[in-house]
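# Topology and contacts: notes
Okay, here's what each chain looks like letter by letter:
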Amino acid sequence: MRTSRFRAALVAAAAALLAVAGATTASAAPAGQDPVFQPAADTPVTALVTKLTHAQATSRLRAAGISWTSSGGCSDRYNSTCTSFEQVNLPTIQGAETLKRATGCALTITGGTETGHASGTYSHWNGYKLDYRLSSCLDSYVKNTFTSIGGSKWRSGSGNIYYLEGNHWDVTYYNCGGC
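Residues numbered from 1 in each chain as written. Predicted model: local features only at pLDDT ≥ 70, side-chain atom pairs only at ≥ 80, totals over all residues. Heavy atoms only, no water.

## What to know about the nonpolar core
Within the largest apolar cluster, 23 residues are counted, with the highest numbers of intra-cluster contacts made by Y132, Y162, W169 and Y173. If you list the elements that add at least two residues to this core, you get α2 (54-64), α3 (90-103), β5 (129-133), α4 (136-145) and β9 (168-172). Top contributing element to this core by residue count: α3, with four residues. When neighbours within four sequence positions are excluded, Y173 is seen to be in contact with P91, T92, G95, A96, L99, Y128, L130, Y132, N160 and Y162. (Core = buried A, V, L, I, M, F, W, Y, C linked by side-chain atoms within 4.5 Å. Buried < 20%, exposed > 50% of the residue type's maximum accessible area, 1.4 Å probe, protein only. Helix = DSSP H or I, 4+ residues; strand = E, 2+ residues; numbered from the N terminus. Contact = heavy atoms within 4.5 Å.)

## Side note on the environment of A102
If you trace the backbone, A102 turns up in helix α3. Looking at A102, the relative accessible area reads 43%, which means it is partly exposed. Here the alpha-carbon distance between A102 and Y141, two residues 39 residues apart in the chain, equals 9.0 Å.

## Describing the sheet that holds β5
Here seven strands make up an open sheet; going across it, the order is β2-β4-β5-β9-β8-β7-β6 and the pairing mixed. Across the chains shown, the open sheet's two edge strands, defined by having one partner strand only, are β2 (67-68) and β6 (147-150). Of the strand pairs in this sheet, strand β8 (residues 161-164) and β9 are connected by four bridges, and their pairing is antiparallel. In the sheet register, I161 faces β9, and the bridge partner there is T172. Set on the sheet, α3 makes contact with β5 and β8; between it and β5 the angle comes to about 30°. (Pairing = 2+ DSSP bridges. Axes fitted to C-alpha atoms, helices over the stretch in contact; angles between N-to-C directions.)

## Structural notes on the pattern of salt bridges
Per the stated rule, a full pass over the model turns up two salt bridges. A salt bridge links R60 to E97, with the nearest nitrogen and oxygen atoms 3.0 Å apart. With R60 in helix α2 and E97 in helix α3, this pair connects stretches of sequence that are 37 residues apart. For R60, a relative accessible area of 31% corresponds to the partly exposed category. Ionic pairing is found between K129 and D170, a salt bridge with its closest N-O pair at 2.8 Å. (Salt bridge = Lys/Arg side-chain N within 4 Å of Asp/Glu carboxyl O.)

## Side note on the state of the cysteines
A covalent bond between the sulfur atoms of two cysteines is referred to as a disulfide. Per the counting criterion, the structure on display carries three disulfides. Through a disulfide, C176 is tied to C179; the S-S separation comes to 2.1 Å. Between C176 and C179 the disulfide shows an S-S torsion of about -85°. By sign, it is left-handed. The buried category is assigned to C176, whose relative accessible area is 15%. Ordering the disulfide-forming cysteines of the chain by sequence position, one finds them joined as 1-2, 3-4, 5-6. (Disulfide = S-S within 2.5 Å.)

The structure is reproduced here in structure tokens:
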């Protein structure tokens, strides 16, 4: 029941944001093997979000003092060794900015919207997720501030999910984290 209310609130907030920003929309992809979110088969999930270009996203990240790295030294969305922000959701980038302000930690993004991640509605490809390099500062903040929900996952007060995947944090941004 709470999930249905959350989805309804998310869709209403997205519609309001679109009305104000005149934004583009993203269609929901079929549910895949996302390790964080699996919508119920009988519940369609569609959110309208503002999409950013790689240049728009990197400009915001740079201004916030957030760095990123790519194992391939590139930003091609269609190359899994790159780190791309093409078609990332505005609330995802705002969530990163919020995380930076809240933690004061040095943040390094290691994964964006490039191919090669798990599929699903709330996926990297669809602009909802970022991967962060592990750091004692970020690890401590997440584990001591957010609520553990089991399976190496923590939920922030705003509902975003932080998943410790062994060698990085996989963060699903359903919203901007209180921006």
